[in-house]
Amino acid sequence: MRKTLKRNLSYDDRNHLYYVSLYCDGEDGRRVRRTRTYPTMEQAEQVIAEYRRAQLLGGMSTPKDVFVEDWLRYWMDELIKPNCEETTCHGYENILNTHMIPSLGRLYVQDLTPVRVQQYYGELRKKGLANNTIRKHHVLLHAALGAAVRQGIVGANVTCLVTPPAREAPQHRFYDSSQLRMLFRASEGTPLEVAVKLAGCLGLRRSEICGLKWRNVDLKRGVLTVCEVRTAVSGRALEKAPKSYASERRLAFGGSEDLEALLKRLYRDWERRRKQDPKTPRATSPSTRRESLISRTFCASASRSSSPCRVSRRSRSTDCATALRASPTARMCRCSASRRRWGTAQHP
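To start, this report covers the structure provided alongside it. Here the residue numbers are simple positions, counted from 1 along each chain's written sequence. At least 70 in pLDDT is required for a residue's local features to be given in this predicted model, at least 80 for side-chain atom pairs to be given and counted, and no such filter applies to totals for whole chains, interfaces and linings, which use all residues. As a rule here, side-chain values come from all non-hydrogen atoms in the structure, and water together with hydrogens is ignored.

Considering the overall build of the protein chain
Helix and strand labels come from DSSP, where a helix needs a run of H or I of at least four residues and a strand needs a run of E of at least two; each type is numbered from the N terminus. Counting secondary structure elements, the protein chain contains twelve helices and nine strands. When burial is assessed residue by residue, the protein chain has 42% of its 348 residues classed as buried. Within the protein chain, contacts between residues separated by at least 24 positions form 59% of all contacts whose residues are at least 6 apart in sequence. For the protein chain, the accessible area works out to roughly 19900 Å², and carbon and sulfur atoms hold 50% of it. Only protein chains enter the accessibility calculation, which uses a 1.4 Å probe; a residue is then buried when its area is under 20% of its type maximum, exposed when over 50%, and partly exposed in between. Here a residue-residue contact requires only that any non-hydrogen atoms of the pair lie within 4.5 Å. Note on areas: Shrake-Rupley with a 1.4 Å probe; residue coverage comes only from the protein chains shown.

Below you can see the structure in the form of structure tokens.
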């Protein structure tokens, strides 16, 4: 059965072939739809990319035929995806597919006016989007049209003549000491305990909690190293190095008795399970390094609890982030530079 994967591309799971359908100029001057098959998705996407490049830059049709949708997808495929993180590309594609292309996609790039772009921002405001979110749309469209100017598709960037919404200062709400103690007591003995205490005591972000591994926790010196993060992209886990150099840091937890005792207890529990089951790998073995501290804790707690170990993705009432549900088969992040910088943690 043939299933559509995206525009111009489908897959036949019976023949195990990728089908690319493109419009070309026929002998009589009319547009003809032609379909070809390819054994791999990479070959099919390469053909589609070459077709779009020729279409945009004067091959199969003249630049006056460039729709906003075609240019945005070309800009994403050729300029953004090769140079940006997968999480950044995922965020851009959400904006394009959810809002920008449905509203502006069928306009020609040359026909896009400042008035129409300003109306687009108004449409987003009516949908309930915040000013700071609309500004992200403005930045994305400005960058895409700037690339169109540099490649000769349009003569000017119309977003330079548009007034984006005013920037709103973010408002944060924090737990005080009594509320934090109440939260710690409520989380004791639950799968969330380690995530809540890491966030509350050390201020770790959600992705940093999910990416923390035992090899980055030095129980002897009471120090942990933040050098890997774990997030979700399109429903799957993604491990990578932190976004900026400043995010890679060492934090001491020796002054927090509750957190220190919790981490040592969790490590002792793991060592005890390892002795009971010889097949269980050590915390410093390669197979164990692929698992985050949080996933190991959740899996151990799941065997003792009937409730599913699902963790909230966002906490709106506190700055303490919680964790995504982690998988014990998570991939290991290749942040060798971070390991060289901070070294390897030692365990008692």
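What follows picks up the thread again.
Some thoughts on the sheet that holds strand β6 (residues 223–226)
Taken in spatial order, the three strands of this open sheet run β5-β6-β9, and their pairing is antiparallel. Sheet topology places β5 (217–218) and β9 (249–252) at the edges, where each strand pairs with a single neighbour. Where β5 lies against β6, two bridges are found, and the strand directions are antiparallel. Bridging across to β6, D218 finds its partner in V223. Pairing between strands requires that DSSP locate at least two bridges from one strand to the other.

A word on helix α7 (residues 193–202)
Of all the ten residues making up α7, eight are buried; the element is thus mostly covered by neighbouring parts of the structure. Taken as a whole, α7 has its buried residues at E193, V194, A195, V196, K197, L198, A199 and L202. G203, located one to two residues past α7, shows a positive phi value of around 70°.

Quick look at the environment of A166
Checked against the element boundaries, A166 lands in the loop between α5 (131–150) and α6 (177–187). Each C-alpha atom of the pair A166 and N132 lies 7.8 Å from the other, and the pair is 34 residues apart in sequence. In contact with A166, not counting residues within four places along its chain, are N131 and R135.

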